[in-house]
Amino acid sequence: MSNSPLKRHPLRSASTFKHMSRRTRVGLVAGLGLLVAGCAEDAAQDTWDPAGPNAQDIHNLQWPVFLIAGVVGVIVLTFVAIIIVKFRDRGQAIPEQTHGKPALEIGLTILPALILIGVAIPTVGTIMALNETDDTECIINVTGQQWWWEIDYAQQDGCGGIAEPIVTSGQMIIPIDTPVLVRGTSRDVIHSWWIPRLNGKKDMVPGRVHAVRLQADEPGIYAGQCTEFCGLSHANMRMEVVALTPEDFETWKAQQLAPYESPAAGTLAATGEATFIAQCSRCHQVNGLEDAAGELVISRPDLQVYSGAAPNLTTLMTRNTFAGASWDLLTDECRADVWESDPDTFGEKYLAGVSAECLNSVQLREWLRNAPAMKPMYADPAQLDETDGLVRGMPNLALSEDQIDELVAYLLERK
Amino acid sequence: MFTTGSKFLIGACVVATISAIAYGVTQDGVMGTVGLASAAVALGFLAGINIYTRDSNIWDDEISSVETAPAAARPPANSIWPMAFALGAAVLTVGLVTYQAVFIVGVVLLLATGAEWTAEAWAERASADASYNAEVRNRIANPLEFPLAAAIGIGIIVYAFSRIMLWLSKTNTVIAFVVMGVIILTVAFLAAYRPGLKSKAAVGAIAVGVLALVAGGAAAGLDGEREIHEHETTEGLTEEGEDICLSPEEFEADEKASQSVAASANVAAEITLTESGTLEPSVVGPLEEGTDALTLPRSNPNNVIFINDSDEHRRLSVDLTVPPVDAAEDEGPLLKCTALVEPGGRQNITLTIGAPSFAAPDGYFFFVPGVESARLELIVP
Amino acid sequence: MAIIERPTETPALAGAGGAVVTPSSSYGYFRRPVQTTGWKSWAFTVDHKKIGIMYGVVAMLFFFVGGFEALLIRAQLAQADGTILSADKYNQMFTMHATTMVFLFVMPLASAFANYMMPLQIGARDVAFPRLNALSLWTFVFGGIFINTSWILGGAADGGWFMYAPNSSVPFSPTHGVDFWVLGLLMTGIASQVGAVNLIVTALNMRAPGMTLMKMPIFTWMALVVQFLLLFAIPVITVALFLLLFQRNFDATFFSVADGADPLLWQHLFWLFGHPEVYIIVLPAFGIISEVLPTFSRKPLFGYPFVVFSGAAIGLVGFGVWAHHMFAAGLGPISVAVFSVATMAIAVPTGVKIINWTLTMWGGKLWFSTAMLFAIGLIVQFTIGGLSGVTHAVAPSDTQQTDTYYIVAHFHYVIFGGGVLGLFAGIYYWWPKVFGKMLNEKWGRWNFWLMIIGMNLTFGPMHIIGLQGQPRRMYVWTENRAGEGFFNLGFWNLVSSIGSLVLGIGAVLFLVNVWVSRKNPPAPADPWDARSLEWITTSPPKEHNFDRIPTVHALDEFFHRKYEDVGVDGQHDYKKVRTGEEIIAMEEANAESHIHMPSPSYWPIILAFGMLIIAYGVIYSVLMLAAGAAIAVLALFGWALEPPTADDSEFDPPSSDGGQPSKELAHV
């Protein structure tokens, strides 16, 4: 809903037609006074800035409705203004005590009814179209949990073929120009999946699987936010959809499924691996990680966490956010570099992951030092009677500064 | 004549005597008889004193005040409460030596009649105006009497009806219920349509109906309930020590157990046992034909519907065995399954799977006991 | 055991012609509280006017409590990553802000008007069940206090006013906050339900002679529709609240997914109540301005039957659109389409109302008093709220808007613009009727303009904030997603917070106005040249409302008694033939005699108090629960025992004529 169509976002559609029609619409609407003042530019979750066909369908439906509402509003308010000026008490006689004109009233009842019928027909069509599931070419599961999203790619022929399940969190990677079907559910309370620039929101309800379509026209990052109130840290439950070209998407899949490599012996990261096994692996899975005895380390968050899971950290540094996508793994500079790069170079920059120079180590260390202080979570042992001693969210592990150094070094290699 | 108090004491004495005799004849042991006989003697003694002193009532020099008292205007009406009260006391005493239930009935009777008696006696002294007194009595007693009487009456009818329903066979209960509904509707219709219906006749018919119901309930209750099958849950072992989930046979598992509300909409997956004996999963969206694995999220209540398209009764089982975190707490294999599903039937099973499938040496898999070819891998990432 | 046997006959008494000795004291009930001054005259009153005033005072108190909560919320959100409130406190704050405003302010303030005005408007002496009326009031008061004590007893409810399952279950909300909320709302629900029955019977059975339903004043009509809505909506939320109560306290599994439940059950129950609730909130205000606009336009309401029937239609259709609160909940396309269309349909009768109000003013002779300003403010603000409502009747568009600030903007324009402004119009309009003094018009204008400017500054920017993607119910928002440029979301959030401060000051000016107006001279009997029945009596009205029950001939009875059309040949010329004072004096001169009013009673407030103790008992101790139940049973018994009107002997001193017919005899 930018008031300045000339200042276009680099990631935005280059389609002239869309651009022109958008400018026209914005001009119309703004001219009608619906937008009495300016709006933010490049707001990450702008619902009037569609970046894919599903959001575009919604937009094509909603702007005429806003237009009609605006026109009706202006007419009514003008009418009231005229009345106020015209019929103020200037000492005129008591007016005729008329009780109404039924014909006029019936007419004025039918008129809005007709307008609404006009709105209702395309509405029903769009509802049906947006609920179509059979034409999608890639299925991605999302699971909401207090207060982060787990995203997993089941084995399938879709998405260009996925041989082994991929599990990630916070950021969903999709190929561009591919209709994606997101199948979502929840582990605890109701959450809502919403990527405003790609589609409307859909609640993810425990025990039910709800589907929502996504499709992006251009590579880039599309921000989203859990929009169903889900408890204490609802505000810190975010997610992002990262759209890549099909080639980049293949690279990403390969990254995710690359075999585990232990840190070189004697490095800080190698000590970090042992610390990770001792402190973190009860909940956080790292695929392929083996303990000193050569046994595969299998985390069992279901025995520690009330909602039953914790983010899989196998490829943490290929994502650029952590803790429910609420904090960036990249420093401000590096983040801006990725977010604001043009569509051609975006994939390359994103797939580079988090380097040592770009790591936002201040916040990552703060998180490791005391997670619940940074993100309100229900992790105070004194309050855990009601959940049979299971935590909700990550507790304060009381790590020493040395341990934190080791862990950061170890995590930096997880990509 | 006898005073009210004397009537009560005489009544109590008589009941105690009868009880003593009855107890002595029917029960072994003498303690009860001795106790009841002692009570009879004591009550008789008190009754004698009471008759002699006329309830220690009326002084000669206070006649004027007695005569002008409001209550003096009317004699007390006949009252059933003294006798009922005495009956309560006696039942209570009998209960002490026989059954607890009898004792409780006695207590209740005693309290109820005592309250009624108190209210009546108190109201009769309100004024010399009988109708005013009746109004006073109703005002204090009706707010208690009506709700309690209604509760008791409804309770009796409901209990009697429930006995009849439990006595009838499953099929007949449906018929009985329908018949009952029809009767009630018919009566209501007649009452509405023919308001001229004699109220006495109507009341009589209803009374007969209620009486029949209560009598039927009593008879049915004495005869006992129909045989009710114990349903096993779908998790656990049979009497022979065989895991239900491994067996293709009926163990009277409750077929309705997991057909819950959530079963109808937006489930995680539907798994169909085809006529050719394979398991075909189906999820929202296009999943290529011939998929040999189903993926479900971890630690999540997943609703999975099993559809039996084969010709036999079948159940869907799933093997979720993982090595224990602590070897000392090995609880053996973890199997879950639906109850036996009739051909063409469907049933929901809710699976919450804590450990990932790669924790299990052979992975997780769905299977159908008795159908070798029906096997479907379950992936939990 | 002194059982007394009396002689069968007392000759002295029998000889005296069977004279009956009447009892000198009441049997079976306490002496009634008959004080006419002091706190007892308020606590035990059954007078609908006193009850209405108390409803209003308590509701206004909660208005400022809820407003304070709103200011804290806006202070937290004025900047990114606010630190004024913790996440926990913020969640409690927005839950309680909504709960307070909806259940403890708007609904009871509407009840205040309905209680006070409905009997006056239909020419009745009181409501049908005066003691039930007192019970409604005190149950509401104790319920409101009960919910708010949770602030100091471990934290208030934190699940949002919609309290979606399963987030409201104990593991996700372990404090007693939700229990307080559930029990408190059950109490206010009892208050509403009892009040609904009472007012429905009153409106249907106690109208003055000649007042047919279609001659009933429009406010009474709308209040009647609202009572029917309450009658059918409150049981639904009560069921839901009981399910939640059992889920939390008695290990029930109504919303436990692992046991086969579907959490959407709660949403259906809640919104099946929650949507009619919207109309419960706005229809009384619509009724009020449908009185105010004609009065200050000097014209009858345009299309009275249309307004009546559209009100009834809104009430009816309001029960069929609840799922539009759940467009994103995963209902499936067919349900969504049906409810989407039904929601558009309800816009039609709502639009009819706006058309009728504007046409009422058209051709009138407008007098811009403060009450009129608030009424016009309602038309303007509610139109904006209604039109933004149409944009999310379109379900796909709603999936972009729901749970964002756009919705917050929408319903504040509807509830504040369409509800609260109307209620304020009513306060200014009826203040001289209720208190016999005018409110200061100059302060009233400041009050109005600051509130209007404040509300538009607060809620206007929320349209933009929401459409540009900021969700609701977040205790912090982040710069990262606020966009760029001068008019970014940070700017609009700040504007909104400043606006809330302006709105707050505007609301406080109302209190200032009450204070400066306290010593105003007595108001004239007919200060606004009004049209309806409540003005055909003194201000404030006497205990028994009318000296003579007026006979009604026309819709705007009072107007037609004052004015006569002296025009000829189809020319209209209305001349004032009598003043309001003269009409009232005429009524006084023909006063009816021996008016019996219902007597005050201890029991309603004691019964409500018993419920309060029961509620605490459910949370804290069975013993307390038993004590509360004992109090409640005692109160019920006492209530059942006492006759509706106290015996003359209970008055101290007894009335001079010993119960004989008299003009002064209006027992209270």
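Residue positions are counted from 1 within each chain, in the order its sequence is given. For naming, the first written chain is A and the first written ligand is 1, with later ones following in the order written. In keeping with the model being predicted, local features are shown solely for residues with a pLDDT of at least 70 and side-chain atom pairs are shown and tallied solely at 80 or more, while totals for entire chains, interfaces and linings include all residues.

Q: For this particular structure, what's the right way to read the overall build of chain B?
A: Labels follow the DSSP assignment, with helices taken as runs of H or I lasting at least four residues and strands as runs of E lasting at least two, numbered in each case from the N terminus. Of the regular secondary structure elements, chain B holds eight helices and nine strands. For every residue, the other C-beta atoms within 10 Å of its own C-beta are counted; 20 or more classify it as buried, 12 or fewer as exposed, and values in between as partly exposed. C-beta atoms are placed from the backbone. Within chain B, the proportion of its 381 residues that are buried is 30%. Remark: residues whose backbone-derived C-beta atoms lie within 7 Å of one another are considered to be in contact. Contacts in chain B between residues at least 24 apart in sequence constitute 67% of all its contacts with a sequence separation of at least 6.

Q: Would you mind showing me how to read the overall build of chain A here?
A: A tally of regular secondary structure across chain A gives 10 helices and 12 strands. Per-residue burial over chain A gives 51% buried out of 415 residues. The contacts in chain A between residues at least 6 apart in sequence include a share of 68% that link residues at least 24 apart.

Q: For this particular structure, what's the right way to read the sheet that holds strand β6 (residues 335-337) of chain B?
A: Hydrogen bonding along the main chain pairs the strands of a sheet, whether they run parallel or antiparallel. Residues and elements named next belong to chain B. The mixed open sheet is built from five strands, whose spatial order is β3-β9-β8-β5-β6. Of all strands in the sheet, those bounded by a partner on one side alone are β3 (293-295) and β6. For this sheet the average axis-to-axis angle between neighbouring strands, irrespective of direction, equals 30°. Any two strands between which DSSP finds at least two bridges are classified as paired. With three bridges joining them, strand β5 (residues 317-319) and strand β8 (residues 364-368) adopt antiparallel strand pairing. Here an axis means a line fitted to C-alpha atoms, over the contact stretch when the element is a helix, while the angle between two N-to-C directions is reported on a 0 to 180 degree scale.

Q: Any chance you could explain the interface of chain A and chain C here in plain terms?
A: Frequently, the measure chosen for interface size is the accessible area removed from exposure when the parts meet. Residue-level contacts link 82 residues of chain A with 84 residues of chain C. For the side of chain A that touches chain C, the elements supplying multiple residues, two or more each, are α2 (53-86), α3 (102-130), β7 (202-204) and β9 (220-225) of chain A. Side-chain classes follow a simple rule in which Ala, Val, Leu, Ile, Met, Phe, Trp, Tyr, Cys and Pro form the nonpolar group, Asp, Glu, Lys and Arg form the charged group, and the remainder, Gly included, forms the polar group. Here the residues of the side of chain A that touches chain C are counted per class, giving 45 nonpolar, 24 polar and 13 charged.

Q: Is there a simple way to explain the sheet that holds strand β2 (residues 148-153) of chain A in this structure?
A: Residue and element names in this part refer to chain A. With mixed pairing, five strands are arranged side by side in an open sheet as β3-β2-β1-β5-β8. Of all the strands in the sheet, the pair left with one neighbour each is β3 (166-169) and β8 (210-214). This sheet shows a mean twist of 25° between the axes of neighbouring strands, independent of strand direction. Of the strand pairs in this sheet, strand β1 (residues 138-145) and β2 are connected by five bridges, and their pairing is antiparallel. Bridging from a neighbouring strand, Q145 pairs with W148 of β2.

Q: Help me out: how do you make sense of unusual backbone geometry in this one?
A: Glycine aside, the phi torsion of most residues is negative, and most peptide linkages are trans. For the peptide bond that leads from A165 of chain C to P166 of chain C, omega is -5°, which places it in the cis range. With an omega dihedral of -10°, the bond running from S539 of chain C to P540 of chain C counts as a cis peptide bond. Looking at the element boundaries, P540 of chain C is found in the loop between α15 (489-516) and α16 (557-562). In the Ramachandran plot, D177 of chain A falls in the positive-phi region, its phi being about 55° despite a non-glycine side chain. Not every positive phi belongs to a glycine, and D529 of chain C is a case in point at roughly 55°. Relative to the helices and strands, D529 of chain C resides in the loop between α15 and α16.

Q: Looking at this model, I keep getting lost on the packing of helix α4 (residues 87-121) of chain C against helix α13 (residues 405-435) of chain C. Mind explaining?
A: Geometrically, a packed helix pair is captured by the angle between its two axes and the distance between the axes. Residue and element names in this part refer to chain C. Between α4 and α13, the least distance of the axes is 11 Å, while the angle of their chain directions is 35°. For α4 against α13, the interelement crossing comes out left-handed. On α13, the residues touching V106, L109, A110, F113, Y116 and M117 of α4 are I415, G419, V420, L423, G426, W430 and V434. Class assignment of the residues belonging to the contact of α4 with α13 gives a composition of 11 nonpolar, two polar and no charged. Each helix crossing is assigned a hand: it is left-handed if the near helix lies turned anticlockwise from the far helix by less than a right angle, otherwise right-handed if that turn is clockwise.

Q: Would you mind going over the pairing of strand β4 (residues 302-308) of chain B with me for this structure?
A: The side chains of a regular strand alternate, residue by residue, between the two faces of the sheet. Residues and elements named next belong to chain B. Counting buried positions along β4 gives six out of seven residues, so the element sits mostly inside the fold. As defined by bridge partners, strand β1 (residues 269-273) adjoins β4 across five bridges and the pair is classed as parallel. The residue of β4 that forms the bridge with A269 is V304.

Q: For this particular structure, what's the right way to read the packing of helix α14 (residues 441-467) of chain C against α15 of chain C?
A: Residues and elements named next belong to chain C. Direction vectors running N to C along α14 and α15 enclose 160°, while the axes themselves pass 7 Å from each other. The pairing of α14 with α15 is recorded here as roughly antiparallel in orientation. The chirality of how α14 crosses α15 is left-handed. For the contact of α14 with α15, a count of residues per class yields 23 nonpolar, 10 polar and no charged. Here the word oblique covers every angle except those under 35 degrees (roughly parallel), over 145 (roughly antiparallel) and from 65 to 115 (roughly perpendicular).

Q: Would you explain the environment of P284 of chain C in this entry?
A: Residue and element names in this part refer to chain C. With respect to the element layout, P284 can be found in helix α8 (residues 264-297). Look at P284 and you get buried, because 27 C-beta atoms sit within 10 Å. Along the backbone, P284 and T220 are 64 residues apart, and their C-alpha atoms lie at a distance of 8.6 Å. Residue contacts for P284: discarding those within four places in its chain leaves A110, F113, A114, M222, A223 and V226.

Q: Can you help me understand the environment of W515 of chain C in this one?
A: Residues and elements named next belong to chain C. One can find W515 in helix α15. Note on W515: 11 C-beta atoms within 10 Å, which makes it exposed. It is 9.4 Å that separates the C-alpha atoms of W515 and L439, two residues lying 76 residues apart in sequence.

Q: Just to check I follow, could you spell out the pairing of strand β9 (residues 371-379) of chain B for this structure?
A: All names here are of chain B. Two elements, β3 and β9, share three bridges in a ladder whose sense is parallel. Pairing of L294 across the sheet is with L378, part of β9. Bridge count for β8 against β9 is five bridges, and the pairing is antiparallel. Bridge pairing links F366 to L376 in β9.

Q: Before we go on, may I ask you to explain α3 of chain A in this structure?
A: Because an α-helix completes one turn every 3.6 residues, residues spaced three or four positions apart along the sequence face the same direction. Expected helix span is taken as 1.5 Å per residue step, with the number of steps being one fewer than the number of residues. Spanning 29 residues, α3 of chain A covers 42 Å between terminal C-alpha atoms, matching the ideal 42 Å at 1.5 Å per step. Buried within α3 of chain A we find E105, P112, L116, V119, T123, T126, I127 and L130 of chain A. Packed against the buried residues of α3 of chain A are α2 and β8 of chain A together with α9 (304-317), α10 (333-361) and α12 (395-401) of chain C.

Q: Even after reading the chapter, I still don't get the confidence of the model for chain A, so can you show me in this structure?
A: In low-pLDDT segments, the atomic positions of the prediction should not be examined closely. Confidence along chain A averages 88 in pLDDT terms, with 91% of residues attaining 70 or more. Confidence scores per residue from the predictor, reported as pLDDT, run from 0 to 100. This model gives residues 1-21 of chain A a pLDDT under 50, and the stretch forms 27 contacts once residues within four places in sequence are excluded.

Q: I keep staring at the environment of A90 of chain B and nothing clicks. Help me out?
A: Residues and elements named next belong to chain B. In this structure, A90 sits in helix α4 (residues 81-97). A sequence separation of 72 residues divides A90 from I18, and the C-alpha atoms of the two residues are 9.8 Å apart. Beyond its immediate stretch of four places on either side in the chain, A90 contacts A12, V15, A16 and S19.

Q: Explain the confidence of the model for chain B to me, please; I cannot follow it from the model alone.
A: Residues and elements named next belong to chain B. On average, residues of chain B carry a pLDDT of 81, and 84% of them reach 70 or more. Confidence, read as mean pLDDT per element, is least for helix α3 (residues 63-68) in chain B (53) and greatest for β8 (93). Scored as a whole, the predicted complex attains pTM 0.86, and scored at its interfaces, ipTM 0.90.

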